[in-house]
Amino acid sequence: LEGFAKENYTIWESAYGAGRSTDSLRELGYDVINSGFGVEADFFLYDIAKYRDDIIQVTNPPYSKKYEWLERSYELGIPFALLLPADTMFAAKGMKLFGKYGITVVIPEHRIGFISPETGQVEDSPTMSTAWFIWHGNHDYLKERIQNAAGYDGGSAVGVPSIGYLTLPRFQ
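Residues numbered from 1 in each chain as written. Predicted model: local features only at pLDDT ≥ 70, side-chain atom pairs only at ≥ 80, totals over all residues. Heavy atoms only, no water.

Asks: I tried to follow the environment of Phe98 on my own but got confused; where do I start?
Replies: Position of Phe98 relative to the elements: it lies in helix α3 (residues 92-101). Looking at Phe98, the relative accessible area reads 1%, which means it is buried. Sequence-wise, Phe98 and Leu70 are 28 residues apart; in three dimensions their C-alpha atoms are separated by 9.4 Å. (Helix = DSSP H or I, 4+ residues; strand = E, 2+ residues; numbered from the N terminus. Buried < 20%, exposed > 50% of the residue type's maximum accessible area, 1.4 Å probe, protein only.)

Asks: I keep staring at the nonpolar core and nothing clicks. Help me out?
Replies: The nonpolar side chains of a soluble globular protein tend to be buried, and buried together. Membership of the largest hydrophobic core comes to 22 residues, with the highest contact counts inside it found for Trp12, Leu70, Tyr74, Phe80, Phe98, Ile103 and Phe133. Mapped by element, the contributors of at least two residues to this core are α2 (66-76), β4 (80-85), α3, β5 (103-107) and β6 (130-135). The dominant element in this core, judged by the number of residues it contributes, is α2, at 4 residues. Leaving out residues up to four positions away in the same chain, Trp12 has contacts with Ile33, Ser35, Phe43, Tyr46, Ile48, Ile55, Ile56, Gln57, Val58, Leu76 and Ile78. Formed by 12 residues, the second largest nonpolar core is a distinct cluster that contains Ile11, Val32, Ile56 and Trp132. (Core = buried A, V, L, I, M, F, W, Y, C linked by side-chain atoms within 4.5 Å. Contact = heavy atoms within 4.5 Å.)

Asks: What am I meant to see in α3 here?
Replies: Structurally, the α-helix is built with 3.6 residues per turn, so residues lying three or four positions apart point the same way. The complete set of buried residues in α3 reads Gly94, Leu97, Phe98 and Gly99. Positioned one or two residues after α3, Gly102 has a phi angle of 90 degrees, which is positive.

Asks: Can you help me understand the pairing of β5 in this one?
Replies: On a regular strand, one side chain projects to one face of the sheet and the next to the other, so that they alternate. Within β5, 4 of the 5 residues are buried, leaving the element largely enclosed by the surrounding structure. Here 3 bridges tie β5 to β6, and the two strands are oriented antiparallel to one another. Each residue of the ladder has a partner; that of Val105, found in β6, is Phe133. (Pairing = 2+ DSSP bridges.)

Asks: How should the packing of aromatic side chains be read in this particular structure?
Replies: Between two aromatic rings, the relevant description is the distance of the centres plus the angle of the planes. A complete count under the given rule lists 10 aromatic pairs for this structure. Ring geometry for Tyr74 against Tyr101: centres 4.2 Å apart, planes inclined by 15 degrees, an arrangement best described as stacked. Residue Tyr74 is located in helix α2, and its partner Tyr101 is located in helix α3; the two are separated by 27 residues in the primary sequence. Judged by its relative accessible area of 3%, Tyr74 falls in the buried class. Their ring planes at 75 degrees and their centres at 6.4 Å tell us that Tyr101 and Trp135 sit as a pair that is edge-to-face. Here the residue Tyr101 occupies a position in helix α3, and Trp135 occupies one in strand β6, the gap between them amounting to 34 residues. An aromatic cluster is present here, built from Trp12, Phe43, Phe44 and Trp69 joined pairwise through their rings. (Phe/Tyr/Trp six-rings, centres within 6.5 Å; stacked < 30°, edge-to-face > 60°.)

Structural data, given as structure tokens:
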């Protein structure tokens, strides 16, 4: 997802956890603020949009709360990129939200190996397929950046060989 945000935007890691994603984003040169698990603010209570207008939420939320997280993310009205189970795009709750607000789905080339909380090691054989669920809100420049990063050519549902690209429009 490198290149998703403009240089002057701040990444909001709203499901902080152990901070590994924050460390990775900072290594890429992004300014990152944290909230959620392990820090003072709970995602469902914290309204970052009231305080900042240069925020993009990038996180791997708890999958047990994925639909609530999606709904709250849309309500906040700020762009987001959420790493979720790929089958979220086919679930009735997800489809209802995607139909109302729209979504872009970027499918990684291979399954992401998550770090096991028990061992601290990256999983050798990930069992779950995940995808980035991206919403650019009213930020047209983000839509263009996402499409360019995914190699979207305007006519195909598939971009460059390593990334699948799919946009579901809002339904009226």
